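Inside the fold
Next come the chains, spelled out residue by residue.
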Amino acid sequence: MKRTFKRVVVIVIDGLGVGELPDAGRYGDSGSDTLDNVSRAVGGLEIENLQALGLGLIEGVDRIERVKDPSASYGRMSEASPGKDTSTGHWEISGVILKEPFRTFPEGFPPEMMERFTAGTGYGYLWGRPASGTEIIERFGREHLDTKRLIVYTSADSVFQIAAHEKLVPPEELYRVCRVARSLLNEFNVERVIARPFAGEPGGFERTERSRDFTIGPPGRTLLDRLTDRGVPVVGIGKIGDIFAHRGMSRETHTSGDMDGVDRTVEAIKAHEGKEAFIMTNLVDFDTLYGHRNDPAGCAQVLGDIDGRLPEIIGLLTDGDILFVTGDHGCDPTTPSTDHSREYVPLLVFGPGLKRGVALGTRSTFADLGATVAEALGLSGLPNGVSFLSSIS
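An account of the accompanying structure is given in this report. Only a predicted model underlies this, so the values are computations on that prediction, with no experimental measurement involved.

A separate point is the pairing of strand β5 (residues 159-165). Most of β5 sits out of view: seven of its seven residues are buried. Neither face of β5 is left uncovered, since the one carrying V159, Q161, A163 and H165 and the one carrying F160, I162 and A164 both have all their residues buried. Where strand β4 (residues 150-154) folds back onto β5 in an antiparallel hairpin, the turn is made up of four residues. Both β5 and strand β6 (residues 192-199) contribute to a ladder of seven bridges, which runs parallel. The residue of β6 that forms the bridge with A164 is P197.

So, in structure tokens, the structure goes:
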């Protein structure tokens, strides 16, 4: 297949949903509508660049200004995979659709799992059931410091989260524990083991930016694997390396926050000027710092900060480049839940050499984005997704 483009940049705003999916009720997410509900909660969002791209024109989006002449093409994507997790969302974007859901633990982790964890890691544990990440470290932080037992908890997703104070258990030791746990939990079909380092004193504990995911890995060959095999440089920025179990990447760059993530994205675009590259960035602050903490004002600030940096990225693009802006699931901070929400995600597609204002409608799977990237970079053979490149080029 002939390559028609050189650089493709995908920016995933983690947790940015645009309305409940038809099956949201099965996940306890009826009424979730992350973008509109955040806008409603704060009295309107200051995101003029996302508006100019056409965010407000997406079906189901009601609280964002509808511009007459959008600079991008726009639509929304349904998740075909079961679940509403970061990993499954990103994997589906890259062309891998799950057939069966990962196991979740609404009643807590079974005794045999925790016995293996204790025996394998050498650490005792506290809790072992669903919890809010910020609340659980306040609840058990002092006991953790006194006993050196690790705080273990889950959520509505298939996650095994391990929290530890950095002064007591340094991050590298926590990562070692997570790697051991990862190897022990594969047979329980747990999608992610997450290291949750925190710092501070009782009454003022705070999670640090050194969180790290240890995923079971995509159950198939992704767009990233296939591009790397073809010799196309693949750059993963933020959590991308962790999400894909460090597969299919030429370079991984961990970041300390969204603005650092944008900085690293700008650097990657400049480093591949005139060259082929696939750059995928996860901006996680919307989800981790504010969505899970039911803080719509914080979510609004994050969107405003990202919006303010978009002209810098767009200004670096040439006729041979494509920029996608999307999400991986919802994380509505205005609902009682502190978990992810089962939602559509936005689809904005911009390129100096592309058509503008094309309504891409509702895509049946996130994999349509991956199929479009594949065609743009001259790759064939992705098992899922329908490319819409011909509609915009």
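Moving on, we get to the packing of helix α4 (residues 111-121) against helix α6 (residues 171-185). Two elements in contact, α4 and α6, have axes whose closest approach is 10 Å; the angle formed by their N-to-C orientations is 135°. Overall, the two elements α4 and α6 adopt an arrangement that is oblique. Crossing geometry of α4 relative to α6 is assigned as right-handed. Counting all contacts with α4, which are made through M113, R116, F117, G120 and T121, the residues of α6 involved are R176, V177, V180, A181, L184 and L185. Grouping the amino acids of the contact of α4 with α6 by side-chain chemistry returns seven nonpolar, two polar and two charged.

Per the counting criterion, the structure on display carries zero disulfides. Looking at C299, it has no disulfide partner, and the nearest cysteine sulfur is the one in C331, 6.9 Å off.

Under the defined criterion, the tally for this structure stands at 22 salt bridges. Here E267 makes a salt bridge to R264, at a shortest N to O gap of 2.7 Å. Of this pair, E267 and R264 are both found in helix α9 (residues 258-271), three residues apart, which corresponds to roughly one turn of the helix. Each of the salt bridges in this network shares a partner with another, and the network as a whole consists of D85, R192, D213 and K239.

In terms of burial, helix α3 (residues 86-93) is largely enclosed, as eight of its eight residues are buried. Listed in full, the buried residues belonging to α3 are T86, S87, T88, G89, H90, W91, E92 and I93. The N-terminus of α3 is capped by D85, whose side-chain oxygen sits 3.0 Å from the backbone nitrogen of S87. Following α3 by one or two positions, G95 adopts a phi angle in the positive range, close to 100°.

So, on to the sheet that holds strand β10 (residues 251-253). One open sheet accounts for eight strands, arranged β10-β9-β11-β1-β12-β13-β2-β14; its pairing is mixed. Looking along the sheet, the strands with just one partner apiece sit at the ends: β10 and β14 (359-363). Sheet twist, expressed as the mean angle between neighbouring strand axes with direction ignored, is 15°. For strand β9 (residues 234-237) and β10, the ladder comprises three bridges, and the chain directions are parallel. Across the sheet, residue I237 finds its bridge partner in β10, namely T253. In this fold helix α11 (residues 296-314) packs onto β1 (7-13), β11 (277-283), β12 (321-326) and β13 (345-350), with an angle of close to 175° to the strand it touches most, β1. The strands touched by helix α12 (residues 367-376) are β1, β2 (73-77), β11, β12, β13 and β14; relative to β12, the strand with the most contacts, the crossing angle is about 170°.

Before going further, it helps to examine unusual backbone geometry. Phi at N189 is positive, roughly 60°, even though this residue is not glycine. Along the chain, N189 falls in the loop between α6 and β6. Even without being glycine, A245 reaches a positive phi, approximately 55°. Assignment of secondary structure puts A245 in the loop between α8 (240-243) and β10.

Here the focus is the side chain of D328. Topologically, D328 is positioned in the loop between β12 and β13. Notably, D328 is buried but unbridged: the nearest opposite-charge side chain belongs to K239, and the N-O separation is 6.8 Å. Polar side-chain contacts of D328 include one of 2.9 Å to the backbone nitrogen of G15. Looking at D328, its side chain comes within polar contact range of the side chain of H329, at 3.3 Å. Residues within four places of D328 in sequence aside, it is in contact with V12, I13, D14, G15, E79, D85, T86, G89, H90, N282, V345 and F366.

This next bit is on the environment of M259. Looking at where M259 falls in the secondary structure, it is placed in helix α9. The spatial distance from the C-alpha of M259 to the C-alpha of V302 is 9.5 Å, given a sequence separation of 43 residues. Ignoring any residue separated from it by four or fewer positions in sequence, one finds M259 in contact with D305, I306 and R309.

Across the two faces of β9 the burial is the same, with V234 and G236 and V235 and I237 all buried. Sheet topology note: the β9/β11 ladder contains four bridges and is parallel. By the bridge assignment for β11, V235 is matched with I279.

Reading guide: rules and limits
Residues numbered from 1 in each chain as written. Predicted model: local features only at pLDDT ≥ 70, side-chain atom pairs only at ≥ 80, totals over all residues. Heavy atoms only, no water. Buried < 20%, exposed > 50% of the residue type's maximum accessible area, 1.4 Å probe, protein only. Helix = DSSP H or I, 4+ residues; strand = E, 2+ residues; numbered from the N terminus. Pairing = 2+ DSSP bridges. Axes fitted to C-alpha atoms, helices over the stretch in contact; angles between N-to-C directions. Parallel < 35°, antiparallel > 145°, perpendicular 65-115°, else oblique. Left-handed = near helix turned anticlockwise from the far one by under 90°. Contact = heavy atoms within 4.5 Å. Nonpolar A, V, L, I, M, F, W, Y, C, P; charged D, E, K, R; others polar. Disulfide = S-S within 2.5 Å. Salt bridge = Lys/Arg side-chain N within 4 Å of Asp/Glu carboxyl O. Polar contact = N/O pair within 3.5 Å; in protein donor to acceptor, adjacent residues only side chain to side chain. Lys, Arg positive; Asp, Glu negative; His and termini not counted.

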